[in-house]
Amino acid sequence: MIVVTGATGNVGRTLVRLLAEQGHQVTAVARRITGADVPVGVRALATDLSQPTADLSSEVDAVFLLVGGELMMAGDASQVVGAWADAGKIVLLSSQGVATRADSPSHGLALAAFEQAVMASGTDWTFLRPGGFASNAFAWAPSVTAARTIAAPFGEVGLPIIDPDDIAAVAAATLTQPGHEKAIYELTGPALTTPRQRATAIAEAIGEPVTFREQTREEAYAQMLGFMPAQVVETTLDILGTPTVQEQRISPDVEKILGRTPATFADWANRNAAAFR
Ligand SMILES: NC(=O)c1ccc[n+]([C@@H]2O[C@H](COP(=O)([O-])OP(=O)(O)OC[C@H]3O[C@@H](n4cnc5c(N)ncnc54)[C@H](OP(=O)(O)O)[C@@H]3O)[C@@H](O)[C@H]2O)c1
């Protein structure tokens, strides 16, 4: 059996579908998940990873471990990971920030603690370290639907944004195929895109003009404080405004694992156009 945590999120929902389509027995985990969230035949298990279900691990061939938000920042990594110590393998959704923002509490240190706990668990492991997700652009959906505008900082700075469906496809491969033990994969899209180019891609996806307005760092900071802690905002703005060489590098890993190029931001926008109409 394969366990997918974060099963109702951007990556996990697609991963559950892919594994079920491949005929695997899947248990999908999130705090508020119900049977309506998963394909027929998949078991939905509502549980909080900070209070793990003790007896599940022994039946598990592999677990996709996603520790988002509060759990990542404040969870006890050894306790969360320890619940899966009897699983055959752990594929951890980590972050590129573990390497590129190693001193940042939010982007580096928090997930580094989970990587270390997984390495110490004695279980086979694979770490997926993606850069920024295309799905972060869902934050623009309200202003696009209401006023056909997008406001964002650093309009001309490019990053190789990744489609979360490609992260899910890589996760499915590493959970089910041999040869990925003790591997660390950096996951990016196929090209740098700037916020202005992403706004154009969304406009093309919905078939209507969208106005792009560049925010100052201060404006963006004030807005992002509404939904992120201050230290997360600071590092996020550093990455968006002054990315390191590694953060702008196109990684070969998605293509190496999937045998195809990663999806472009335009592919993601076309698939998710309904959210912006
Ligand atoms: N966005 C980016 O640009 C980016 C870049 C690099 C790495 N990452 C990493 O990617 C991860 C986020 O992935 P995502 O976008 O797919 O996630 P997401 O869409 O935010 O979904 C989070 C999932 O985790 C579940 N969850 C949250 N807290 C939980 C808990 N305590 N116990 C059990 N389930 C819990 C949520 O469901 P419930 O709320 O119902 O529990 C949901 O299914 C984070 O670890 C982040 O650090 C993100």
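Above this text you will find the structure in question.
Remember, predicted model here, so these are calculated numbers, not experimental data. (Residues numbered from 1 in each chain as written. Predicted model: local features only at pLDDT ≥ 70, side-chain atom pairs only at ≥ 80, totals over all residues. Heavy atoms only, no water.)

Q: Before we go on, may I ask you to explain the side chain of H180 in this structure?
A: In this structure, H180 sits in the loop between α7 (164-176) and β8 (183-187). Among residues more than four places away in sequence, those in contact with H180 are K89, W125, T126, A173, T174, Y185 and I257. (Helix = DSSP H or I, 4+ residues; strand = E, 2+ residues; numbered from the N terminus. Contact = heavy atoms within 4.5 Å.)

Q: Sorry if this is basic, but what is going on with the site of the ligand here?
A: The immediate surroundings of the ligand are formed by 26 residues, with T8, N10, R31, R32 and N136 found nearest. N10 places a side-chain nitrogen or oxygen 2.9 Å from an oxygen atom of the ligand. In this structure, D48 approaches the ligand through a side-chain N or O atom, which is 2.9 Å from a nitrogen atom. Look at the ligand: alone it shows 930 Å² of surface, and the protein chains cover 80% of it. Mapped onto the shell around the ligand, the elements with two or more residues apiece are α1 (10-21) and α2 (69-74). The residue inventory of the shell around the ligand, partitioned by class, reads twelve nonpolar, eleven polar and three charged. (Near = heavy atom within 4 Å. Polar contact = N/O pair within 3.5 Å; in protein donor to acceptor, adjacent residues only side chain to side chain. Areas by Shrake-Rupley, 256 points an atom, 1.4 Å probe, with all protein chains shown as cover. Nonpolar A, V, L, I, M, F, W, Y, C, P; charged D, E, K, R; others polar.)

Q: Help me understand the sheet that holds strand β3 (residues 43-46), please; the structure alone is not making it clear to me.
A: Within a sheet, adjacent strands bond to each other through the backbone by hydrogen bonds, running parallel or antiparallel. Pairing is parallel across the open sheet formed by seven strands, whose spatial order is β3-β2-β1-β4-β5-β6-β8. The sheet is open, and its two edges are formed by β3 and β8, each paired on a single side. Averaged over all pairs of adjacent strands, the angle between their axes in this sheet comes to 15 degrees, without regard to strand direction. As paired elements, strand β6 (residues 124-130) and β8 share five bridges and run parallel to each other. Counted as the bridge partner of R129 is E186 from β8. Together, β5 (89-93) and β6 form the strand contacts of helix α5 (residues 105-120), whose direction differs from that of β6 by roughly 165 degrees. (Pairing = 2+ DSSP bridges. Axes fitted to C-alpha atoms, helices over the stretch in contact; angles between N-to-C directions.)

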